[in-house]
Amino acid sequence: MVTGGCGYIGSHTIIALIESGKYDVVSVDNCARSTAEAMRRVKEITGVEVKNHQVDICDRDAFFRVFEEEGDIAGVIHFAAYKAVGESVEKPIMYYRNNLGTMMNVLEACGKYHVKHLLFSSSASVYGDIKDLPVTELTPLGEAFCPYAHTKQICEGMIRSEIVADKELTALILRYFNPVGAHPSGLNGELSPDKPNNLIPIIMQVASGKMTQMAVFGTDYDTRDGSCIRDYLHVCDVADAHVKAMEYLMDGRNTERCEVFNIGSGNGLSVLEMLDAAEKAVGHKLNYVLGDRRPGDVPAIYSDSRRANELLGWHCQYNVHDMMESAWKWEKHVGLELRTKN
Ligand code: WQD
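Keep in mind it's a predicted model, so treat the numbers as computed, not measured.

S.K.: Can you break down the nonpolar core residue by residue, with the values?
M.R.: Within soluble globular proteins, side chains that are nonpolar generally end up buried alongside one another. Counting residues in hydrophobic clusters, the biggest one holds 47 residues, and the most contacted among them are Ile 14, Val 25, Tyr 127, Leu 172, Phe 261 and Ile 263. Residue assignment for this core shows that the elements contributing at least two residues are helix H1 (8-19), helix H2 (37-46), strand E6 (170-176), helix H8 (235-250), strand E10 (258-263) and helix H10 (306-312). In terms of residues, this core owes the most to one element, H8, which gives 10 residues. Listed in part, the 32 residues of the second largest apolar core include Met 1, Ala 62, Phe 63 and Ala 171.

Put into structure tokens, the structure is as follows:
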């Protein structure tokens, strides 16, 4: 079961689970921040029809009815959550209600329906503002810099508490850095909102002309070129990490009942370096200005993902050019799809 299966990472993970040939997959997603269209795109890419139960996971009874209907669920991959940093600052209660409510119902359902394996979609944002880089799984969590990051910290704590009570359950916490890009076919990608918050969707909207100009949020940071450094990785590499993580649990290779993995490329790139890579991929200059800092940004964060490399046998297959090329292909595809619809 993939909660949030119609979302960006969820839908790419469903594709990877199907292509592994080892799983029957069901999605649960109320499509508040996504569209069931994603299951059509999954079928277009894999040929497999995946059912999405359009249910609000915060609705405990409706969510439990999915388990009654589906029968034996071997594992749950829990993506369903709100994840916009800025929005979480404006609407903290909405974030706590949704992100904690879904987590509680997922954990209660795992106990009630004897689900043995849980993968939790966490985030590098749980580390806070770290000076000692790269970040390892042993890096102490800093103070959450926004309610979104705080919900992820609390959810990780809930999982640790529940595995003490539910002796059947084993869990992996996967802390993603910055997933970007789209499926290489160009047939699935991030359906960002009209006004995206994240760097790559914004770059691609400037490249396609949907946006006339963007800004680099700060060039006076203490980094190699003054702009912020992040650990970008291809969304298909993130999807593959989930397939390998579920195999790790199902093969019983975990040594503890709750383990943490950083899911990052280990390669920090700056905003200006990403813009340079984007211009090479789209084949023309991008219209951007050097603007002021964005509140809440940390200057630099990137991962040490050797634990995932060694224990999960997971390695990034895609580089920054693949990220930009796939994102550009998707931007053109979505543009075309929307144009033919209107
Ligand atoms: C990246 C860099 C910006 C837009 C995000 C989510 C967070 C988490 C990880 C889920 C920053 C700069 C951006 C622009 C810019 N997602 N930027 N101009 O903030 O690292 O984290 O992904 O867990 O919830 O917020 O990613 O893409 O927003 O920004 O200069 O127009 O690009 O300042 O340095 P971020 P981002």
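S.K.: Tell me about the pattern of salt bridges, residues and numbers included.
M.R.: Going through the model one piece at a time under the given rule, you end up with 20 salt bridges. Measuring nitrogen to oxygen at the nearest pair gives 2.7 Å for the salt bridge that ties Glu 273 to Arg 224. Here the residue Glu 273 occupies a position in helix H9 (residues 271-282), and Arg 224 occupies one in the loop between strand E8 (214-217) and strand E9 (229-234), the gap between them amounting to 49 residues. A relative accessible area of 54% means that Arg 224 is categorised as exposed. Asp 240 is the partner of Lys 244 in a salt bridge, and the nearest nitrogen-oxygen pair spans 3.1 Å. Separated by four residues within a single helix, Lys 244 and Asp 240 lie in helix H8, roughly one turn from each other. By relative accessible area, which is 21% here, Lys 244 ends up partly exposed.

S.K.: Break down the sheet that holds E9 for me, citing the residues and quoting the values.
M.R.: Strand order in the open sheet made by the three strands is E7-E9-E11, with mixed pairing throughout. In this open sheet, the two strands that pair with only one neighbour each are strand E7 (178-180) and strand E11 (268-270). Across the sheet, the mean angle separating the axes of adjacent strands is 55° when strand polarity is ignored. Relative to E9, E7 runs parallel, the two sharing three bridges. When the sheet's bridge partners are listed, Val 180 is paired in E9 with His 234.

S.K.: Just give me the short version of the pairing of E6, but keep the residues and values in it.
M.R.: Counting buried residues in E6 gives seven out of seven residues, a clear majority hidden from the surface. The alternating pattern of E6 places Thr 170, Leu 172, Leu 174 and Tyr 176 and Ala 171, Ile 173 and Arg 175 on opposite faces, both of which are buried. Note that strand E5 (residues 117-123) and E6 share seven bridges and pair parallel. Each bridged residue has a counterpart across the sheet, and for His 117 the counterpart in E6 is Thr 170. Between E5 and its parallel partner E6, the chain crosses via helix H6 (residues 147-165), and the hand of that crossover is right-handed.

S.K.: Explain the site of the ligand to me, using residue names and the numbers behind them.
M.R.: Lining the immediate surroundings of the ligand are 20 residues, of which Tyr 148, Leu 199, Arg 230, Arg 294 and Asp 297 lie closest. In the environment of the ligand, an oxygen atom lies 2.8 Å from a nitrogen or oxygen atom belonging to the side chain of Arg 294. At 2.6 Å from an oxygen atom of the ligand is found a side-chain nitrogen or oxygen belonging to Asp 297. About the coverage of the ligand: the protein hides 90% of its 690 Å² of free accessible area. Listed by contribution, the elements that provide at least two residues to the shell around the ligand are helix H7 (199-208), E8 and E9. It is E8 that contributes the most residues to the shell around the ligand, four residues altogether. Class assignment for the residues of the shell around the ligand results in 12 nonpolar, four polar and four charged.

S.K.: Provide a residue-level description of the sheet that holds strand E1 (residues 2-3), including the pertinent values.
M.R.: Spatial ordering of the open sheet is given by E3-E2-E1-E4-E5-E6-E10, a layout of seven strands whose pairing is parallel. With one partner strand each, in any of the chains shown, strand E3 (52-53) and E10 form the two edges of the open sheet. Across the face of the sheet, H8 comes into contact with strand E4 (75-78), E5, E6 and E10 while running at roughly 160° to E6.

Cut-offs used in this document
Residues numbered from 1 in each chain as written. Predicted model: local features only at pLDDT ≥ 70, side-chain atom pairs only at ≥ 80, totals over all residues. Heavy atoms only, no water. Core = buried A, V, L, I, M, F, W, Y, C linked by side-chain atoms within 4.5 Å. Buried < 20%, exposed > 50% of the residue type's maximum accessible area, 1.4 Å probe, protein only. Helix = DSSP H or I, 4+ residues; strand = E, 2+ residues; numbered from the N terminus. Salt bridge = Lys/Arg side-chain N within 4 Å of Asp/Glu carboxyl O. Pairing = 2+ DSSP bridges. Axes fitted to C-alpha atoms, helices over the stretch in contact; angles between N-to-C directions. Right-handed = clockwise from strand over helix to strand, strands pointing away. Near = heavy atom within 4 Å. Polar contact = N/O pair within 3.5 Å; in protein donor to acceptor, adjacent residues only side chain to side chain. Areas by Shrake-Rupley, 256 points an atom, 1.4 Å probe, with all protein chains shown as cover. Nonpolar A, V, L, I, M, F, W, Y, C, P; charged D, E, K, R; others polar. Contact = heavy atoms within 4.5 Å.

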